[in-house]
Structure formats: C-alpha cells, structure tokens
Amino acid sequence: MEHVLVVCGLGLLPWLVVLAGGVPGAAAVGDRRLVWIGLDALEAVGLLATGLPAGRGHRLHPLMATATATLLAADAWFDTMTAAPGADQVRAVAMALGAELPLAAMCVVLAARGLGRVVAEGTPARSGAR
C-alpha cells in the first residue's frame, strides 16, 4: 500500500506540468491554475511523505497520512463542485471516485494501522515524569 502512495506521488509531478499549461474545463476565476497547482503539489508531497515513512515503519506517518487524506478528499470535492457541466464534470467525478477518494481511503487505513501500533507500543515514560 505504501508503494502505491509513493508511485502516485511521483506520478503527480508530470501532472503539475500539465496544470501549469491550463486547467481544462475550469471557469476563469482569479488565478485558479495556481490554486490547483498548489493543491496538487501538496498532495504529491503528502503522498510521498506518507508512503516513504510508512514503508519504514516510522511512528509519525499517521499524522502525514491523515493530512494527505484530508487534502485528497478536499481536492475531490473542489474538482467536482467547480467543474463545468457535462464532460468536465464527468471527468471530475471519475477522478474523485477512481483516484482521489481511494487514495484518501488508503491514507486513512495507514493512519489507523499506524496509530494502532503507536498505542500498542505505549508511550515511553519520560525521565522525571510524575
């Protein structure tokens, strides 16, 4: 599962170049292209920052997984709500159901598993703690 996140994070990098060329089907409101590039760049970083530490069993990966799941769910929502009616909206829904929401679900599963391991291990006692 961690490898899927890393591959998808790397796969988003060329997509950022496509976005820089223009957002297909989006209404021209402000500099929407910059907004989508920023959001997708954060998702790419989040997927990499979730998959790599999770693969190594790092204790803090549940935090990144939770943040990345939130970004992906928000992206699915914004894409479907801002897409032009017709083919663009169908594409947005397909991306949400076929990529963004399944990846968000993977992140939630990784976060829950990681949190379960952290809780099972217990928090080490601090020296001098009462």
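For the structure itself, consult the block above.
Residue numbering note: each chain is counted from 1, following its sequence as written. Per-residue local features of the predicted model are confined to residues with pLDDT of at least 70, and side-chain atom pairs are confined, for both listing and counting, to 80 or more; whole-chain, interface and lining totals are unaffected and use all residues. In computing side-chain properties, one takes all heavy atoms of the structure into account and sets aside hydrogens as well as water.

Chemist: Whenever I open this one, the packing of helix H1 (residues 2-21) against helix H2 (residues 32-55) confuses me. Can you help?
Modeler: Packed helix pairs are characterised by how far apart their axes lie and by the angle those axes make with each other. For the pair H1 and H2, the least separation of the axes is 8 Å and the interaxial angle reads 165°. Here H1 lies roughly antiparallel to H2, going by the angle between them. The two elements H1 and H2 meet at a crossing, and its hand is left-handed. Its residues placed into classes, the contact of H1 with H2 shows 18 nonpolar, five polar and four charged. Whenever a helix is involved, its axis is fitted only over the stretch in contact; in every case the axis is a line through C-alpha atoms, and angles between N-to-C directions fall within 0 to 180 degrees. Think of it this way: any DSSP run of H or I at least four residues long counts as a helix, any run of E at least two long counts as a strand, and we number them from the N terminus. Angles are sorted into four bins: roughly parallel if under 35 degrees, roughly antiparallel if over 145, roughly perpendicular if 65 to 115, and oblique for all others. Note on convention: near helix rotated counterclockwise from far helix by under a right angle means a left-handed crossing. Clockwise means right-handed. Gly is placed with the polar residues, together with every amino acid not listed as nonpolar (Ala, Val, Leu, Ile, Met, Phe, Trp, Tyr, Cys and Pro) or charged (Asp, Glu, Lys and Arg).

Chemist: Mind showing me how you'd approach the packing of H2 against helix H3 (residues 61-82) here?
Modeler: At a closest axis distance of 9 Å, the pairing of H2 and H3 adopts a crossing angle of 150°. As far as their axial angle goes, H3 and H2 are roughly antiparallel. Between H2 and H3 the crossing geometry is left-handed. Side by side, H2 and H3 meet where Arg32, Trp36, Leu39, Asp40, Leu42, Glu43, Gly46, Leu47, Ala49, Thr50, Pro53 and Ala54 of the first sit next to His61, Met64, Ala65, Thr68, Leu71, Leu72, Asp75, Phe78, Asp79 and Thr82 of the second. Residue composition of the contact of H2 with H3, grouped by class: 12 nonpolar, five polar and five charged. What makes two residues a contact is simply this: any of their non-hydrogen atoms within 4.5 Å.

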